[in-house]
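Structural overview
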Amino acid sequence: MNNIALGRYIPLNTFTHKLDPRFKILGMLILMVSVFFPSGFIGYGVIAAFVFIALLFTKISLKMILKSMKPMIFMLSFLFVINSLVIRTGYVLFNIYGFTLYSDAVFQTLYIMVRLTLMIIITTLLTVSTKPMDLTLGIEDLLSPFKRIGLPSHEIAMMISIALRFIPTLIDETNRIMKAQASRGVDLKEGSFKEKIMAILSLIVPLFVSSFQRAEELADAMEARGYVVAQHRTRYKQLKPTYRDTVMMGGVLSLLGVIIWLSL
Amino acid sequence: MPIAFEKVNFKYAPNTPFAYEALKNIDLAFEMGKVTAIIGPTGSGKSTLVQHLNALLLPSEGTVLVLDRTITNKHKPKELKSLRQRVGLVFQFPEYQLFEETILKDIMFGPLNFKVPEAQAKVLAMNALKLVGLDESFAEKSPLDISGGQKRRVAIAGILAINPDVLVLDEPTAGLDPQGSKAMMELFLRLNKENGKTILIVTHDMEHVINYCDNVVVMKDGEVINHQRVTDYFERKTQVEDIQMNLPQLLMFKEALLDGGFEFKQPMRYLEDLAEAISKEIKR
Amino acid sequence: MNPIKVNHLKFSYDLETDVVNDVSFTVEKGSYTTLIGHNGSGKSTIAKLLIGLLEKGSGEILIDDLELTEANLDVIRRKIGIVFQNPDNQFIGATVRDDIAFGLENHQVDPALMDDIINNYAARVDMSKYLDQEPTRLSGGQKQRVAIAGVLAMKPEILILDEATSMLDPEGKSEINALVNALHKEYGMTILSITHDIEEVKKSDHVLIMFDGKIVKDGLPSEIMIDEKEMISLKLDAPFSVKLANALKRRGIVLKETLDTERMVAELCLLRSKK
């Protein structure tokens, strides 16, 4: 349960928190794009410096980020082993017992590591500083130009927000059904293959049945309160860009400029 | 063989910012062979308490004794199944745990998990079905095709078929109509009187406590603040009002009559007791 | 003009058995009407028919003398607010604030006006302190209060409660009962409450009893609730006071009042002092 902390919304009142979610999503996308430019280690240094400043503005400690990256260490070391066996370009770093390590193997691994780390930090910056509901609103607005080609952006946003709203409820429900079935002798760890299948069915079937019932009741409640699919609604939460968004977008775009220039 | 809590503490999500102490220093021994009600406001720890009885939760500190088992935090109890076979736990809205194609199969699910041979499991299941007041014609129906009240009965039959010595029920009558819940409470009373089962019921319904239970455990803020015989507990209304529960109708009448000059000496529990006492006073 | 008038209403899920079978009744303006009946008697189906969540088989439903049809569903839903049984399954917004706003958004209220409306109705149900709370942090009673605020914000004339307190603890139950009573008394709202709570029925102006899809009793609680045998035969329970009066009758003590606790106690005390 402790690992869920990565990327979960932290209610603070920082510069980043106050940004308009639409621009925050755009900003994140631009940062992501800049990470993918082959701008060399200098470029990554620039991006890292930018991201570090963003972390300061969001009041996220580097420690928390590092902690949440722990699970990646295994994957990266695995990648390093593969790379060092496969990549045979660049100059020779050393040679022991007939095994030769080439410089490109190290650089490739480092590249991937830096890219991955930056991308994780960039997404974390967004999710930590934006309420899930505001994210949905941002996505809705950003998708709204596609309404003309028939994309139901409002309905998509409504679906996402209801899904978000019901996640905790469904977690509770799952826990309760698991305990109820454990009381009937279900043991997910022991037993034959057939017994395990039954054990899983005994969790999934009730969860489905109750979710369908919830969905039905929710649909009734929404309809009773005047919700009609595809009918125009007003929106309570209005998003308003501030000077902060201009500052942020200015920063992000100039960064992208620098990165493109470095990659030429 | 007892069911007892010795200095039990329980914390949810320990060592996190969400840590929450749900049980504090619980010392409690349930009387075997009786019907005991566990009451208290929402969030007072009732459900947490009963989940210790079949080791779904382990105490953070202290010891839980259940029948011949000792449950502590130090070593993970082995062979949980044998414990869960003897202590049956029915959760709130148990109809949500039905999943098999037929009612019979669903009721047999428990016994089969506990390695009861199939033929015997079937006999147990049919008996349990009868116990909860449903006839054989239900056996081959789908548990999803029957009414809410019937689903509840089937779910309870699913635990009864395991034939536990101790039956723990978390708000078993929530959402049922008055006659449905009365029938349910009478079933538990019968299981206690005729089959000698020890019954523990978490409830908010004081009418059920006064009419069907022998003892009452009162919880508040994670502590047990009272544990006595039901007749003693309902002697004084102040005790009941302490925990923001509704007074049973009988007690409300009794208190009003006492204020109006009536003098009742004998303890009373059922409507007939009150009627008898009133008529004695008036005809005296 | 009657807020709710139902004539010969029929409804069936499977076209075979009528869940609602030729039901007629009237709810009077400003009244507190209770609708009771055993599980599966068709009570909740009636509620869903009244707000057009289910389509009737035959008969007619008149809300404020306006017949409920596909065409005026929207108008009628603005007149009736409903609170359902499960507090979790009707909380739509991410926070209390968003949930109250949900209905306003549907009715295309100007967003600039919403904050005032939300604050006003949150205060009315005593939830002002919780405006930015998520539903997981609220008790069942609080969630139902939010549901009521959400309904009130749409200014309906009629409030239907579909077993709105049956999943609540005693504290939540009394919170909701007190709130609904206040809405009835202070605002003169017409209340139709579907319930199992005999004490609530005792206090209501009018009671309707359903049994197997039919309305079998329709009248004052003081006329209907006093027949213990009949209540049992309808798979319901008689109030404690009625059962006590009957137990006393068997002992030769006949009381005039058998429903109102206070008056019964007064009568008994008088009998006692006479001796």
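Cut-offs applied
- Residues numbered from 1 in each chain as written.
- Chains lettered and ligands numbered in written order.
- Predicted model: local features only at pLDDT ≥ 70, side-chain atom pairs only at ≥ 80, totals over all residues.
- Heavy atoms only, no water.
- 1 Å grid on protein atoms, 1.4 Å probe; cavity = no way out; pocket = protein on both sides within 12 Å on 5 of 7 lines; lining within 4 Å.
- Points joined across faces, edges and corners; volume = space filled by probe spheres on them.
- Helix = DSSP H or I, 4+ residues; strand = E, 2+ residues; numbered from the N terminus.
- Nonpolar A, V, L, I, M, F, W, Y, C, P; charged D, E, K, R; others polar.
- Buried < 20%, exposed > 50% of the residue type's maximum accessible area, 1.4 Å probe, protein only.
- Domains from an automatic or database assignment.
- Contact = heavy atoms within 4.5 Å.
- Buried area = accessible area lost by both parts, 1.4 Å probe.
- Salt bridge = Lys/Arg side-chain N within 4 Å of Asp/Glu carboxyl O.
- Axes fitted to C-alpha atoms, helices over the stretch in contact; angles between N-to-C directions.
- Parallel < 35°, antiparallel > 145°, perpendicular 65-115°, else oblique.
- Left-handed = near helix turned anticlockwise from the far one by under 90°.

Looking now at empty space enclosed by the protein. Applying the stated criterion to the full structure yields seven cavities of 30 Å³ or more. Counted as a void, the largest cavity has a volume near 290 Å³. As for the largest cavity, its lining consists of 21 residues, and the residues nearest its centre are Met 133, Met 158, Ser 161 and Arg 233 of chain A together with Glu 105 of chain C. Of all the elements in the fold, those that place two or more residues in the lining of the largest cavity are α6 (132-143) and α7 (153-183) of chain A together with α3 (96-106) of chain C. Tallying contributions element by element places α7 of chain A first for the lining of the largest cavity, with five residues. Tallied by class, the residues present in the lining of the largest cavity amount to ten nonpolar, five polar and six charged.

Once that is clear, we can look at the pairing of strand β3 (residues 32-37) of chain C. Of all six residues that make up β3 of chain C, six are buried, and the element is covered over most of its length. A two-sided burial pattern is seen for β3 of chain C, the buried positions comprising Tyr 32, Thr 34 and Ile 36 of chain C on one face and Thr 33, Leu 35 and Gly 37 of chain C on the other.

So, on to the domain arrangement of chain A. Residue and element names in this part refer to chain A. Once the domains are mapped, chain A shows domain 1 (2-145 + 240-263) and domain 2 (153-224). The distance between the C-alpha centroids of domain 1 and domain 2 comes to 34 Å. Facing six residues of domain 1, the contacting portion of domain 2 comprises six residues. Contact between domain 1 and domain 2 buries roughly 560 Å² in total, counting both sides, with carbon and sulfur atoms accounting for 78%. When the buried area of domain 1 at its contact with domain 2 is split by residue, Thr 136, Glu 140 and Leu 143 rank highest and sum to 66% of it. The interface formed by domain 1 and domain 2 includes zero salt bridges. The residue inventory of the side of domain 1 that touches domain 2, partitioned by class, reads three nonpolar, two polar and one charged.

This next bit is on the interface of chain A and chain B. The extent of an interface is frequently quoted as the accessible surface area lost upon association of the parts. Listed as interface residues are 22 residues of chain A and, on the opposing side, 27 residues of chain B. Carbon and sulfur atoms make up 59% of the surface buried where chain A meets chain B, a total of about 2000 Å² over both sides. Considering only the surface of chain A that becomes buried against chain B, Lys 179, Ser 183 and Arg 184 of chain A emerge as the three largest contributors, covering 36% of it. Here chain A and chain B share two salt bridges between them.

In this section: the packing of helix α10 (residues 249-259) of chain B against helix α11 (residues 271-283) of chain B. Residues and elements named next belong to chain B. One can describe the packing of α10 onto α11 by two numbers: an axis separation of 10 Å at closest approach and a directional angle of 15°. As the angle between them shows, α10 and α11 are arranged roughly parallel. Crossing of α10 against α11: the hand is left-handed. Taken together, the residues of α11 that come into contact with α10 (itself represented by Leu 250, Phe 253, Lys 254 and Leu 257) are Leu 271, Leu 274 and Ile 278. In terms of residue class, the contact of α10 with α11 is built from six nonpolar, no polar and one charged.

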